Amino acid sequence: MIKVLFLCDNKYWKRKMSRVRFHAANAILNHKNIIGAKDGPGFPGWKSVPASIKKHSPDIIFWFKPLEMQGFDKVSIPRVISYNEMYNKAVTAREISQSGSDLIVCHLSNDIPHYSDLFKDRKFINLHHCINPSIFRDYKQKKVYDVLVTGVMASSIYPLRARVQGLIKAGKLSNLKTKILRHPGYRISNVDSQVISYAKELNKAKVVISCSSKYKYALAKYSEIPACNSLMMADIPDERQEFFNKFIVPIDMSYSDEKILQTIHKWVRSDKERRIRANLGRELTAARYTQAHYADRFYRSIKRYLEENKA
């Protein structure tokens with residue numbers, strides 16, 4: 001058994017829109033081989049990082065935004081920090097350096113080369129985004145949308161999403177039932193219900209269009225959309241390409257508008273083939289990328305790290 005203390009300000013636990021890291025933290029803290037505890041600013045009795053360590057006696061700390069916590073720099077046990085997107089190198093490098101985090105979990109493998117040479121004394125590992133299968137699942141709803149576009153639509157970061165949104169607004173898909181699902185913002189009060197509502201909206205669509213951003217990331221949507229038994233149409237990220245090519249219908253910025261529109265129409269109309277591919281995506285995701293899989297990989301990684309770094 002390994003004792004893990006998850007440190008996080010309660011305001012993020014309760015209000016942060018993106019729930020994937022908190023779903024992962026819950027799975028980790030409830031893992032059969034982990035004795036888990038959760039603490040941080042805003043939790044009952046919180047005083048400081050050293051006081052929390054004294055209270056819980058963990059083998060390792062797993063923390064989120066440690067620089068905001070009193071006493072973060074007075075830690076002598078191993079520290080783990082995880083990241084989604086790491087494209088802001090200055091901010092991320094500062095946090096890794098000042099927090100003294102020893103084991104850095106990167107959810108996107110193509111971020112690692114930008115940091116591993118900079119921090120040769122730290123350990124970097126890749127744990128892919130996973131889903132909470134009680135939320136991201138097939139709700140067996142009627143497919144009321146032919147096409148759903150989801151995510152931030154900023155063309156500077158998500159050019160493919162923005163382009164498809166532009167085609168919809170220009171009336172190029174007016175013969176189909178379309179919906180543009182707006183981003184809810186990064187600080188919200190109904191975190192649990194908004195995630196369930198989001199998953200249900202995915203489940204209502206025949207085709208869900210997203211993209212990997214200009215950074216070619218395998219974002220959480222690459223697991224969330226197929227888990228909801230909808231056909232994902234997007235560009236293929238820079239990692240796990242063989243896996244994603246099994247069920248994602250590829251479109252990318254090199255395609256002409258006409259080719260994108262033809263691809264969308266083809267898969268909306270091909271009911272049998274679409275259902276087969278969407279179901280394959282759901283099955284493959286459920287078999288490899290649930291939060292239980294994430295917790296198992298996290299446990300094995302920290303167990304190996306602690307064994308390799310025994311005093």
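Our subject is the structure that appears above.
Let us look at the structure shown here. (Residues numbered from 1 in each chain as written. Predicted model: local features only at pLDDT ≥ 70, side-chain atom pairs only at ≥ 80, totals over all residues. Heavy atoms only, no water.)

### With respect to unusual backbone geometry
- The backbone of Ser57 shows a phi angle near 50°, a positive value even though the residue is not glycine.
- Checked against the element boundaries, Ser57 lands in the loop between helix 3 (49–56) and strand 3 (60–63). (Helix = DSSP H or I, 4+ residues; strand = E, 2+ residues; numbered from the N terminus.)

### Comments concerning the sheet that holds strand 11 (residues 249–250)
- Spatially, 5 strands are ordered 8-7-9-10-11 in an open sheet, and the strand pairing comes out parallel. Each of the sheet's edge strands pairs with one partner strand only, and the pair in question is strand 8 (178–181) and strand 11.
- Of the pairings in the sheet, the one linking strand 10 (residues 231–234) to strand 11 comprises 2 bridges and is parallel in character. From the neighbouring strand, Met233 faces strand 11, where its bridge partner is Val249. (Pairing = 2+ DSSP bridges.)

### A word on the sheet that holds strand 5 (residues 103–106)
- Taken together, 6 strands build an open sheet; the order of strands is 2-1-3-4-5-6 and the sheet is parallel. Each end of this open sheet is capped by a strand with a single partner; those strands are strand 2 (34–39) and strand 6 (123–126). Taken pair by pair, the neighbouring strands of this sheet meet at an average axis angle of 25°, ignoring direction.
- Summarising the sheet, strand 4 (residues 79–83) and strand 5 pair through 4 bridges and their orientation is parallel. Bridged to Val80 within strand 5 is Leu103.
- Helix 2 (residues 20–29) contacts strand 1 (2–7), strand 2, strand 3 and strand 4 of the sheet and is inclined by roughly 135° relative to strand 2.
- In this fold helix 12 (residues 291–308) packs onto strand 1, strand 2, strand 3, strand 4, strand 5 and strand 6, with an angle of close to 110° to the strand it touches most, strand 1. (Axes fitted to C-alpha atoms, helices over the stretch in contact; angles between N-to-C directions. Contact = heavy atoms within 4.5 Å.)

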